[in-house]
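Per-entry structural report
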2 protein chains.
Amino acid sequence: MDGRFGMNLNDNVLLADIGNTYFHVYDGTHVEHLLYEDALVKYQDKVLYYISVNHHLGAQIEKVVLWKNISSLISIEGEYETMGVDRKALCISHHSGVFIDAGSAITVDVVEKGVYMGGFILPGLKAYVESYKSISSVLDIVLNKELKLEHLPITTKDGISYGIIASIKALIDQQREGKTLYFTGGDGKFLSSFFEEVIYDEMLVFNGMQQAIMNKG
Amino acid sequence: MDGRFGMNLNDNVLLADIGNTYFHVYDGTHVEHLLYEDALVKYQDKVLYYISVNHHLGAQIEKVVLWKNISSLISIEGEYETMGVDRKALCISHHSGVFIDAGSAITVDVVEKGVYMGGFILPGLKAYVESYKSISSVLDIVLNKELKLEHLPITTKDGISYGIIASIKALIDQQREGKTLYFTGGDGKFLSSFFEEVIYDEMLVFNGMQQAIMNKG
């Protein structure tokens, strides 16, 4: 590791998870969601450990002297070569579970006793809604966030909202097999409301980063 | 009805189902899929009964003297006001079943003993793939048509292909409850290959139109 600053966590070290849309920063107390430019202005003079899946920002971020890319620390047994580092961090946050990150895309990953078993990717809720809109103006609706899944819908708006939410739910429920469902991400809280006995925690990716730093730093 | 030509089916009457992308024509023997302009050149001098969900073409189609819009004949008990006429025609093709039309969008409708019970709409396979692409270039993949659903995938391409197909399948399987699954539409044959004991029939919408003409014409 870089000898300039130790890989121990203390109050002065910020953790960042850089996604395709937002820059998520954890200061040890709570999580802040910023655009890249705003994060740069606010935190470029702070010590910050980050992981990033945003390939456009790669070179720019590397130039910030006090920021350190810790992606190489994040790994899980059974991982695949192109697996996003944020998914890996999420998957090491607990020993077993189904991990759902509902952001621009929705990733669903299954971990059993510390071993990655595989996973799949769904469009994010916003991407789903845009997708219908691209097919026909008749299908251009706002997601019904009050939707009930008990009955089959009989309107276009509810038929689309049901298609999105019930299909995501049906496939995730198939993976449970007694495991805990862990939700995170911008739509994680909303999506988790359609499931029984789940955990929503916006810290999961940061918990995974902390685990990696403590174990390997 | 218009007295100009009787509402009986014979060898000279063509049926057309006009969608958002294609113009589907049934000549009593097989189904042809054309673009609107090509259908106009080929069939404007033929007697043709049609239903249409393509609002952009409305006024143009109405002008073709020998073509007749039979949408008003198509109805099913329990239908809702904005229900697409092609979905209604599909739903009256058999007395009971789950009817899946996999085209630009995928519509799934449940009918029990001639009564419409409700349904939902998913993006079409092409729209799904485009949706991932719009999120990130990393998610820009070609659907793996050889995908097996037995194991959780561990690559991005398969993770996306699995997300699309397995989520559609999971939600459709939930609706079965002993009913027959009837597939139609451009991707109907491919999609039906992931289900057990199903019927794929590209005539379903036309069968529904024929039923309506025979019962009410």
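Residues numbered from 1 in each chain as written. Chains lettered and ligands numbered in written order. Predicted model: local features only at pLDDT ≥ 70, side-chain atom pairs only at ≥ 80, totals over all residues.

In terms of helices and strands, chain A carries seven helices and 10 strands. Its C-alpha atoms put chain A at 60 × 40 × 30 Å along the principal axes. Of all 217 residues assigned to chain A, the portion counted as buried reaches 44%. In chain A, once contacts between residues fewer than 6 apart in sequence are set aside, the share between residues at least 24 apart is 47%. (Helix = DSSP H or I, 4+ residues; strand = E, 2+ residues; numbered from the N terminus. Buried ≥ 20, exposed ≤ 12 C-beta atoms within 10 Å, placed from the backbone. Contact = placed C-beta atoms within 7 Å.)

Contact residues are listed per partner, giving 39 residues for chain B and 39 residues for chain A. Contributions of two or more residues to the side of chain B that touches chain A are made by strand E7 (105–112), strand E8 (115–123), helix H4 (125–135) and helix H5 (156–176) of chain B. Broken down by element, the side of chain B that touches chain A gets its largest block of residues, 11 residues, from H5(B). Grouping the constituent residues of the side of chain B that touches chain A by class yields 22 nonpolar, 16 polar and one charged. (Nonpolar A, V, L, I, M, F, W, Y, C, P; charged D, E, K, R; others polar.)

It is worth spelling out the packing of helix H4 (residues 125–135) of chain A against H4(B) at this point. How two helices sit against one another is set out by the angle between their axes and by the gap between those axes. Contact pair H4(A) / H4(B): the axes reach a minimum separation of 9 Å and the direction vectors enclose 125°. Looking at the two axes, H4(A) sits oblique to H4(B). Here H4(A) and H4(B) pass one another in a crossing that is right-handed. Of the residues in H4(B), those touching H4(A) at Ala127(A), Tyr128(A), Glu130(A), Ser131(A), Ser134(A) and Ile135(A) are Ala127(B), Tyr128(B), Glu130(B), Ser131(B), Ser134(B) and Ile135(B). Class assignment of the residues belonging to the contact of H4(A) with H4(B) gives a composition of six nonpolar, four polar and two charged. (Axes fitted to C-alpha atoms, helices over the stretch in contact; angles between N-to-C directions. Parallel < 35°, antiparallel > 145°, perpendicular 65-115°, else oblique. Left-handed = near helix turned anticlockwise from the far one by under 90°.)

You can see Ile168(B) is positioned in helix H5. Leaving out residues up to four positions away in the same chain, Ile168(B) has contacts with Ser167(A), Ile106(B), Leu122(B) and Leu191(B).

Residues and elements named next belong to chain A. Reading across the sheet, the five strands line up as E3-E2-E1-E4-E5 and stay open at both edges, with mixed pairing between neighbours. This sheet does not close on itself; its edge strands, each paired only once, are strand E3 (31–34) and strand E5 (67–69). Each neighbouring strand pair of the sheet contributes to a mean axis angle of 25°, computed without reference to strand direction. Here strand E4 (residues 48–52) runs beside E5; their pairing, made up of three bridges, is parallel. Within E5, the residue paired with Leu48 across the bridge is Trp67. Sitting on the sheet, helix H1 (residues 36–43) is in contact with strand E1 (14–18), strand E2 (23–26), E3 and E4, with an inclination near 35° to E2. In the packing of helix H7 (residues 204–216) onto the sheet, the strands contacted are E1, E2 and E4, and the crossing angle to E1 comes to about 120°. (Pairing = 2+ DSSP bridges.)

Moving on, we get to the relation of the copies chain B and chain A. The operation relating chain B to chain A is a screw motion whose rotation component is 180°, with 0.0 Å of axial translation and a residual RMSD of 0.0 Å. The superposition of one copy onto the other is thereby described by a two-fold rotation axis. Same-surface contact between copies: 100% of interface residues of chain B are shared with the interface of chain A. (Least-squares fit on C-alpha atoms with pLDDT ≥ 70 in both.)

Right, let's talk about the nonpolar core for a bit. Core analysis: the biggest nonpolar cluster contains 123 residues, and Ala89(A), Ile100(A), Met209(A), Ala89(B), Ile100(B) and Met209(B) have the highest contact counts within it. In terms of residues, this core owes the most to one element, helix H5 (residues 156–176) of chain A, which gives nine residues. (Core = buried A, V, L, I, M, F, W, Y, C linked by C-beta atoms within 7 Å.)

Here we come to the sheet that holds strand E3 (residues 31–34) of chain B. Residues and elements named next belong to chain B. Spatially, five strands are ordered E3-E2-E1-E4-E5 in an open sheet, and the strand pairing comes out mixed. Each edge of the open sheet carries a strand with a single partner, namely E3 and strand E5 (67–69). Strand-to-strand twist in this sheet, taken as the mean axis angle between neighbours without regard to direction, amounts to 25°. Against the sheet, helix H7 (residues 204–216) touches strand E1 (14–18), strand E2 (23–26) and strand E4 (48–52), its axis set at about 120° to E1.

A few words on the environment of Ser93(A). Residue and element names in this part refer to chain A. Tracing the backbone shows Ser93 in the loop between helix H3 (85–91) and strand E6 (97–102). Spatially, the C-alpha atoms of Ser93 and Ala170 are 24 Å apart, while their sequence positions differ by 77 residues. Sequence-distant contacts of Ser93, defined by excluding residues within four places in its chain, comprise Leu204, Asn207, Gly208 and Gln211.

Let us look at the domain arrangement of chain A. Residue and element names in this part refer to chain A. Assigned domains within chain A: domain 1 (14–69) and domain 2 (75–217). Placing the centre of domain 1 and that of domain 2 at their C-alpha centroids yields a distance of 23 Å. Between domain 1 and domain 2, the contact holds 10 residues from the first and 12 residues from the second. Going through the elements one at a time, E1 and E4 are the ones with two or more residues in the side of domain 1 that touches domain 2. Its residues placed into classes, the side of domain 1 that touches domain 2 shows six nonpolar, three polar and one charged. (Domains from an automatic or database assignment.)

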